[in-house]
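Architecture at a glance
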Amino acid sequence: MNPIEIYTDGACKGNPGPGGWGVLLKSGGTEKELFGGEAQTTNNRMELLAVIEALSALKRPCQVTLYLDSEYVRKGITEWISGWKARGWRTAAKQPVKNVDLWQRLDAVVSTSGHVIDWRWVKGHAGDPGNERADALANRGVDAVLRGV
């Protein structure tokens, strides 16, 4: 399997408000940047969408090291999701899972893609070059929404 490093981040101006997501994909000496945004969203939705877009961009199963600064996404996909699914997409407190549409999309990508994913949390805004670039891309997504691009 092709090894790839992915850095993802989400950003929101106001929460909710205009938001953006950013992705940096690195494989061998090649890099690819992706970004986008939505006019009315939340930071957590943008964090989720960044990961979904990153994994969906891969054309064949890969050995992925995925760096993200969102414990919500990392713990959600590695710890909480099996319980949510077993309870019909409800939390342990029997409340509906927030952002269930995106969690279901992420679950589908992860379970059908064939990727082997190592989920790694990094501290945001702490100088990690990949995370800083993903953050800048997420902010480009916000800027594009604000400019109406």
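Preceding this section is the structure that the text describes.
Residues numbered from 1 in each chain as written. Predicted model: local features only at pLDDT ≥ 70, side-chain atom pairs only at ≥ 80, totals over all residues. Heavy atoms only, no water.

1. Structural notes on the side chain of His115
- Mapped onto the secondary structure, His115 falls in the loop between helix H3 (100-112) and strand E5 (116-121).
- Using a relative accessible area of 10% as the deciding quantity, one classes His115 as buried.
- Of note is the side chain of His115, whose polar atom sits 3.5 Å from the backbone oxygen of Leu55. (Helix = DSSP H or I, 4+ residues; strand = E, 2+ residues; numbered from the N terminus. Buried < 20%, exposed > 50% of the residue type's maximum accessible area, 1.4 Å probe, protein only. Polar contact = N/O pair within 3.5 Å; in protein donor to acceptor, adjacent residues only side chain to side chain.)

2. With respect to helix H4 (residues 129-147)
- With 19 residues, H4 should cover 27 Å at 1.5 Å per step; its first-to-last C-alpha distance of 27 Å lies within 8% of that length.
- At its buried positions, H4 is contacted by strand E1 (2-12), strand E2 (17-27) and strand E3 (30-41).
- Where H4 begins, the side chain of Asp128 points an oxygen toward the backbone nitrogen of Gly130, at a separation of 3.1 Å.
- Two residues or fewer after H4 comes Gly148, characterised by a positive phi angle close to 75°. (Expected span 1.5 Å × (residues − 1). Contact = heavy atoms within 4.5 Å.)

3. Remarks on the sheet that holds E5
- In spatial order, the strands read E3-E2-E1-E4-E5; together these five strands make up an open sheet with mixed pairing. Strands at the two margins of the open sheet, each flanked by one partner only, are E3 and E5. In this sheet, neighbouring strand axes are inclined to one another by 20° on average, regardless of whether the strands run parallel or antiparallel.
- In the sheet, E1 pairs with strand E4 (residues 62-68) via seven bridges, with the strands oriented parallel. From the neighbouring strand, Glu5 faces E4, where its bridge partner is Thr65. (Pairing = 2+ DSSP bridges. Axes fitted to C-alpha atoms, helices over the stretch in contact; angles between N-to-C directions.)

4. Regarding the packing of aromatic side chains
- Taken as a whole, this structure holds four aromatic pairs when the rule is applied.
- Taken together, a centroid distance of 5.9 Å and an interplanar angle of 50° make the contact between Trp80 and Trp84 tilted. Residue Trp80 and its partner Trp84 are both found in helix H2 (residues 71-86); the two are separated by four residues, about one turn of the helix.
- Taking relative accessible area as the criterion, Trp84 reaches 7% and is therefore assigned buried.
- Where Trp84 meets Trp103, the ring centres are 5.0 Å apart and the plane angle is 65°; that geometry is what we call edge-to-face. Placement of Trp84 in helix H2 and of Trp103 in helix H3 is noted, with a sequence separation of 19 residues between them. Each member of the pair, Trp84 as well as Trp103, is classed as buried. (Phe/Tyr/Trp six-rings, centres within 6.5 Å; stacked < 30°, edge-to-face > 60°.)

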